[in-house]
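What the coordinates show
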Amino acid sequence: MKRSFFQKHAIILIVYALILVLVVIGAFNSEHFLTLRNLTNVMRQAAYLGTAALGEMMVILIAGIDLSVGSLVKLCVLVSAILMDGDPDNVWMAVSLTLGLGLSVGLIHAFLINELNMSPFVVTFASLFILKGISLSITTKPIGRASRDFLMLYSEKIAGIYVIIFFFIILILMMMFLLNKTIFGKHIYAIGGNLSVAQLSGISVKRVRYGVYSLCSVLAAATGLLWLMRMGVGDPVIGNGLELNVIIAVVIGGTSLFGGRGTVIGVLGGVLLLTFTDNLLVILGVSQFYSGLIKGLIFVAAVSLHKMENR
Amino acid sequence: MRESQNPYILEMRNIFKSFGGVNALRDVSFQCRPGTVHALVGENGAGKSTLIKILAGALLPDSGEIIFKGQKHQSFSTRKALNSGISVIYQELALVSQMTVAENIFLGREPRKYFGIVDKKRLKIEAKKLLKQLGFEVDMDMEVGEMTVAYQQMVEIAKALSKNADLIIMDEPSAILAGHELDQLFLIIESLKKRGVTIIYISHRLEEVFRIANEVTILKDGQLVGTKPIKDLSRGELVKMMVGRTLEEVFPVSFNQLGNPVIQVEEISTKTILNQVSFNLREGEILGVAGMVGSGRTELARAIFGADPLTSGTIKIKGQDVVFKNPADAIRSKISLVPEDRKYHGLFTKLSILNNITLPILSKISRWGFTDKKKENEIVERERQIHSIDMTSGNQEVQYLSGGNQQKVVLSKSLQTIPEVIIMDEPTRGVDVGAKFEIYQLIRQLNKDGIAILMISSELPEILGLSDRILVMREGKIVAELTPNETNEEMIIEFATTNTQQSVP
């Protein structure tokens, strides 16, 4: 009773079909929609959500959750802007310290979950408020400045592709490789699929958790850097509610909230679906307030599809 | 020097283990010969699982030695046990259902190319080879969750072989298997034996022990009763060693005072599997229902209890036609169900004993929506005495009770509504022999009080020992009606299995 390709990947296929529907709607309603300019813009926006989503995906795959992503992005935008302070000599220092900040936050999360046996929900929920609190105690107004060449990267191209999109594609390929080809990846799926079995099989669950939570937070820090690249300043508004968008994208893409199941291609679909939705709303001149409503509905639809699939 | 001529592959010597002052194991020693099947039997709580966990490295003994393959170990870690060639196949299979057969077999020991990259090709080839040795050909890319339990168990065995296990411990492997699957398991055990693999086989079902074991070690209350070659033992002797009670005493005698029919079932069918089933159940009767898993036994219980709608046929209660739209209707007609899986369908495991028992009659014992605590306590105290439930207080959470005591709570709960008919689905599953005896006595007592009982069970000794009449089901139909003193286990199995289509996963 092997399930067919279509049954197995039903959610992913539906997600991509929906994207296609959005594209068709967009094309019929606006001449600007199907332009190279708009499409590359959508891709660039997708890279922002997608970078954070790929990290979150790994956490959800081991049946964990990271609610702190939005707050961490916010903190990283501010920290990197302050460190860079418009000076091109500071770029490398700012970038590595920001990524280091992400790494430490992830390690702390994993430490609390591993060694103190706290639930990922509690740890990262607390972290959401703590990181946000630190950010807002630093500033409530835009602060710091990106250096000019760092800012220029936003519109720069490699081989005709925007640097940001290029980076995102590399990240996707790396993530696919990590999850499908490496032992680390196999162990991620095993831990999410059945924790006690993973332990009994001699997998070091703690080590995998350290790896997964730090990668997730490092990718959130990277998202913060991408935002600095786009905004040029450390804007404390960035990152508000991002964690929910990220989780929705991951789940729409067919990742089980109970862990053990999910693919990079699926999550990419989820990210694109959300980004196209937002883009279409702008192009059609619909109020952004509807965005949340629509995303919520898509979310519910995705989860109920999961349920039907597992019956 | 002596160690090298050791005739045993495994020796456990003077193992002690206690948990918070309670002795789980006291001075247990036993030996296994290589290439044999060694059965480990005893009631629940006898110390089997503690012993196994020590052997698997999951628990440390307080004192004692393990000598495995001539090497002395003070204690084991999980890794050490694995590396020296001990594999445990737990009752809850240790498989990740979302992963493929091949991935599961090599989980945690994936063949690698370089850096941390999995060699997928080798993974599949090796896995296929292993399963072929066991006589199984399955798609290596199939997810384990899509296979039948029997196949999953084969994957577990393949996993053990892939670790070059010399000793495989099987913890109640038959509990999840149907009849023909069990035969397959036994064939595999035979072939493992031929390859020199030693097997420690834990089972509640003594028939199996007699079928495959070479030797048997009996534990009781954390102490060793003895190790004997199986051929020196009769079934009765083995039971006596396990419980200190003879077989005849296990089943209390029937009272045999049958009254008028309480339920008359006429040609009922359901969408599930039932096909024109008819029978009647009389006052004070115990009607046993035998059959393989999937023969429609549980579906019969559900249909009578109003959980599945009938597509045709009628049910009469005391001569009156009734239609049950849901279980609440059935309960109102004084029918009670003791479901098969108490943890999921019978109990609120995280609630107290008191809350569980009084739940069905809350409206009766409360006033203006407030429950009468005093009355509740009285009820629980009364139930504790009647059913000899072993508990600290009525506020104890059910999850902390042993299987036998949980089952007594389920029974007590279902009796609160003062039913006239009780449907019991596997009343003694996962219950140790001592508690079984108490449950049998309770069933008899209910029977004496005039309650009609429909008892579904996979344990044929139970069916034969308790029932006044026996129905055998197969493929949704009743294929035989027998009286216990004119039949035996072989005959029932014959009826239950003939013409059964072999199911293919």
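Each value, and the rule that gives it
Residues numbered from 1 in each chain as written. Chains lettered and ligands numbered in written order. Predicted model: local features only at pLDDT ≥ 70, side-chain atom pairs only at ≥ 80, totals over all residues. Heavy atoms only, no water. Helix = DSSP H or I, 4+ residues; strand = E, 2+ residues; numbered from the N terminus. Rg over C-alpha atoms; globule rule 2.2 N^0.38 Å. Buried < 20%, exposed > 50% of the residue type's maximum accessible area, 1.4 Å probe, protein only. Contact = heavy atoms within 4.5 Å. Areas by Shrake-Rupley, 256 points an atom, 1.4 Å probe, with all protein chains shown as cover. Lys, Arg positive; Asp, Glu negative; His and termini not counted. Charge placed at Lys NZ, Arg CZ, Asp CG, Glu CD. Polar contact = N/O pair within 3.5 Å; in protein donor to acceptor, adjacent residues only side chain to side chain. Axes fitted to C-alpha atoms, helices over the stretch in contact; angles between N-to-C directions. Parallel < 35°, antiparallel > 145°, perpendicular 65-115°, else oblique. Left-handed = near helix turned anticlockwise from the far one by under 90°. Pairing = 2+ DSSP bridges. Buried area = accessible area lost by both parts, 1.4 Å probe. Salt bridge = Lys/Arg side-chain N within 4 Å of Asp/Glu carboxyl O. Nonpolar A, V, L, I, M, F, W, Y, C, P; charged D, E, K, R; others polar. pLDDT = per-residue confidence, 0-100. Patch = residues over 30% accessible without salt bridge, like charges linked within 9 Å, V, L, I, M, F, W, Y side chains within 5 Å. Arc of directions from axis to C-beta.

1. With respect to the overall build of chain A
Looking only at helices and strands, chain A features 14 helices and 2 strands. A compact globule built from 311 residues should have a C-alpha radius of gyration of about 19 Å, and chain A, at 19 Å, falls within 12% of that. Based on the C-alpha atoms only, the size of chain A along its principal axes is roughly 60 × 55 × 35 Å. Buried residues in chain A amount to 50% of all 311 residues.

2. Section: the overall build of chain B
A tally of regular secondary structure across chain B gives 18 helices and 22 strands. Taking 505 residues into account, the globule formula puts the C-alpha radius of gyration at 23 Å, and chain B, at 25 Å, falls close to it. Its C-alpha atoms put chain B at 75 × 50 × 50 Å along the principal axes. Burial analysis of chain B (505 residues in total) assigns 53% to the buried set. Residue pairs in contact within chain B that sit at least 24 positions apart in sequence constitute 66% of those at least 6 positions apart. Approximately 23000 Å² of chain B is accessible, and the part contributed by carbon and sulfur atoms is 49%. Charged side chains in chain B number 62 positive and 63 negative. The centres of these two groups are separated by 5 Å.

3. Considering the side chain of Ser256(A)
Residues and elements named next belong to chain A. Within the secondary structure, Ser256 is located in the loop between helix H12 (242–252) and helix H13 (264–284). Ser256 gets classed as buried once you look at its relative accessible area, which sits at 15%. Reaching out from Ser256, the side chain makes a polar contact with the backbone nitrogen of Phe258 at a distance of 3.0 Å. Those residues within four positions of Ser256 in sequence are excluded, and the remaining contacts are Ile60, Arg261 and His306.

4. Things to note about the packing of helix H3 (residues 36–61) of chain A against H13(A)
Residue and element names in this part refer to chain A. Put simply, H3 and H13 touch, their axes get as near as 8 Å, and they point 135 degrees apart. The orientation of H3 with respect to H13, classified from their angle, is oblique. In the crossing of H3 with H13, the sense of the turn from one axis to the other is right-handed. Across from Asn38, Leu39, Val42, Met43, Gln45, Ala46, Leu49, Gly50, Ala53, Leu54 and Met57 in H3, the residues of H13 making contact are Val264, Val267, Val271, Leu272, Leu274, Thr275, Phe276, Asn279 and Ile283.

5. Describing the sheet that holds strand S11 (residues 261–270) of chain B
All names here are of chain B. With antiparallel pairing, 4 strands are arranged side by side in an open sheet as S12-S11-S14-S15. Two strands close off the open sheet at either side, each with one partner strand: strand S12 (277–282) and strand S15 (320–322). Going across the sheet, the axis of each strand differs from the next one's by a mean of 20 degrees, ignoring polarity. Across 3 bridges, strand S14 (residues 310–317) lies against S15 in antiparallel orientation. When the sheet's bridge partners are listed, Ile315 is paired in S15 with Val322. Sheet strands in contact with helix H10 (residues 297–304) are S11, S12 and S14, and its direction is about 115 degrees off that of S11.

6. A word on the interface of chain B and chain A
Of the residues lining the interface, 24 residues belong to chain B; the matching set on chain A comes to 23 residues. Summed over both sides, the interface of chain B with chain A buries roughly 2100 Å², with 57% coming from carbon and sulfur. Connecting chain B to chain A are 2 salt bridges. A salt bridge links Arg261(A) to Glu143(B); the shortest N-O distance between them is 3.0 Å. Summed over the shared surface of chain B and chain A, the result is 7 residue pairs in polar contact (both at pLDDT 80 or more). Looking at the side of chain B that touches chain A, its residues break down into 11 nonpolar, 3 polar and 10 charged.

7. Some remarks on the confidence of the model for chain B
Low pLDDT means the predicted atomic positions in that stretch should not be read closely. Residue and element names in this part refer to chain B. On average, residues of chain B carry a pLDDT of 84, and 93% of them reach 70 or more. Low confidence marks residues 500–505, where pLDDT is under 50. Its contacts with residues over four positions away, or in another chain, come to 8 contacts. Note on the complex model: pTM 0.71, ipTM 0.74.

8. Section: the side chain of Glu56(A)
Relative to the helices and strands, Glu56(A) is located in helix H3. Lacking a salt bridge, the buried Glu56(A) has Arg209(A) as its closest oppositely charged neighbour, with an N-O distance of 13 Å.

9. Points about the packing of H3(A) against helix H11 (residues 205–231) of chain A
Residue and element names in this part refer to chain A. Interhelical geometry of H3 versus H11 gives an angle of 170 degrees and a closest axis separation of 7 Å. Taken as axis vectors, H3 and H11 run roughly antiparallel relative to one another. Each of Gln45, Ala47, Tyr48, Thr51, Ala52, Leu54, Gly55, Glu56, Met58 and Val59 in H3 lies in contact with H11, whose residues at this interface are Val212, Tyr213, Leu215, Cys216, Leu219, Ala222, Thr223, Leu226, Trp227 and Arg230. When the residues that make up the contact of H3 with H11 are grouped by side-chain class, the tally is 14 nonpolar, 4 polar and 2 charged.

10. Considerations on the pattern of salt bridges
Residue and element names in this part refer to chain B. This model, assessed by the stated rule, comprises 25 salt bridges over all chains. Note that Asp308 and Arg302 form a salt bridge whose closest N and O atoms lie 3.1 Å from each other. A relative accessible area of 11% places Asp308 in the buried class. Salt-bridge contacts for Arg382 lead to Glu383; the nearest nitrogen and oxygen are separated by 3.1 Å.

11. Considerations on the sheet that holds strand S22 (residues 477–482) of chain B
All names here are of chain B. Sheet architecture is open: 6 strands sit in the order S16-S19-S20-S13-S21-S22, paired in mixed fashion. Looking at strand neighbours, the two that pair on one side only are strand S16 (335–338) and S22, the edges of this open sheet. If you compare each strand with its neighbour and ignore which way they point, the axes differ by 20 degrees on average. Where helix H18 (residues 489–497) meets the sheet, it contacts strand S13 (286–290), strand S21 (469–474) and S22, and its direction lies at approximately 35 degrees from that of S21.

12. A look at a positive patch on the surface
Side chains of Lys181(A), Lys113(B), Lys120(B) and Lys121(B) sit close together on the surface and give a patch of like positive charge. Within the element layout of this structure, Lys121(B) appears in helix H4 (residues 120–133). Given the relative accessible area of 66%, Lys121(B) is considered exposed.

13. Regarding unusual backbone geometry
All names here are of chain B. You will see that Asn14, though not glycine, has its phi angle at about 50 degrees, which is positive. Mapped onto the elements of the fold, Asn14 is located in strand S1 (residues 10–19). According to the relative accessible area criterion, Asn14 is partly exposed, its value standing at 39%. Even without being glycine, Gln276 reaches a positive phi, approximately 50 degrees. Its location among the elements puts Gln276 in the loop between S11 and S12.

14. Let's talk about the environment of Gly108(B)
With respect to the helices and strands, the residue Gly108(B) is situated in the loop between helix H3 (101–105) and H4. A C-alpha to C-alpha distance of 31 Å links Gly108(B) and Ser63(B), two positions 45 residues apart in sequence. If we ignore the near neighbours within four places in the chain, the residues touching Gly108(B) are His187(A), Ser201(A) and Ile203(A).

15. Remarks on H10(B)
Residues and elements named next belong to chain B. When H10 is considered as a whole, its buried residues turn out to be Arg297, Leu300, Ala301, Ala303 and Ile304. Down the axis, H10 shows its buried residues gathered within 165 degrees of arc, on one side only. The first or second residue beyond H10 is Gly306, which carries a positive phi of 80 degrees.

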